[in-house]
Amino acid sequence: MQNTNMLTTFEYQEAIRNYSESRKRILTTLYEIEPVVDSCIIAENLGYKGYQAANLHIGSIGKSISDHQQRKPKIVYEHKGKDTYGYFSLVHNHDGEKWVMVKELKQAIKNLGWV
């Protein structure tokens, strides 16, 4: 999957600046562990029993970023018979071998002093 990011580091900073401690923890954990091969590894590092919870939270963060910037992600996939935006792609993408955090988001996290 190609990185279809369309946001700048500054736009990410503005979108995540006032995140809760819970969302900061998710993003800083991803920052520290990615790239990873399997979403189960992400879930384990976040303290979830399964990858579904991790996927839900990552998608929610992506939607929050999308809503803040009033832009939809370029990735669309079919889910339960309808087209669904791939909000996860505003957080990380799969490069064919592993999950990798979007570089502009990674820099924004660093710029905000979260890591």
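A. Expanded view of the pattern of salt bridges. Inspection of the entire model under this criterion finds five salt bridges. Lys-24 is the partner of Glu-21 in a salt bridge, and the nearest nitrogen-oxygen pair spans 3.4 Å. With Glu-21 and Lys-24 both in helix 2 (residues 21–33) and three residues apart, this pair spans about one turn of that helix.

B. The arrangement of the nonpolar core in detail. Within the largest apolar cluster, 30 residues are counted, with the highest numbers of intra-cluster contacts made by Tyr-12, Ile-16, Leu-27, Ile-42, Ile-65, Leu-105 and Ile-109. Counting residues per element, the ones that place at least two in this core are helix 1 (9–16), helix 2, helix 3 (39–46), helix 4 (51–69), strand 4 (99–101) and helix 5 (103–111). With five residues, helix 2 is the largest single contributor of residues to this core. Those residues within four positions of Ile-16 in sequence are excluded, and the remaining contacts are Leu-27, Ile-65, Leu-105, Ala-108, Ile-109, Leu-112 and Trp-114.

C. Region of interest: the side chain of Ser-66. For Ser-66, the location among the structural elements is in helix 4. For Ser-66, a relative accessible area of 2% corresponds to the buried category. In this structure, Ser-66 is in contact with Arg-71, Lys-72, Pro-73, Tyr-87 and Leu-90, ignoring residues within four places of it in sequence.

Rules used throughout
- Residues numbered from 1 in each chain as written.
- Predicted model: local features only at pLDDT ≥ 70, side-chain atom pairs only at ≥ 80, totals over all residues.
- Heavy atoms only, no water.
- Salt bridge = Lys/Arg side-chain N within 4 Å of Asp/Glu carboxyl O.
- Helix = DSSP H or I, 4+ residues; strand = E, 2+ residues; numbered from the N terminus.
- Core = buried A, V, L, I, M, F, W, Y, C linked by side-chain atoms within 4.5 Å.
- Buried < 20%, exposed > 50% of the residue type's maximum accessible area, 1.4 Å probe, protein only.
- Contact = heavy atoms within 4.5 Å.

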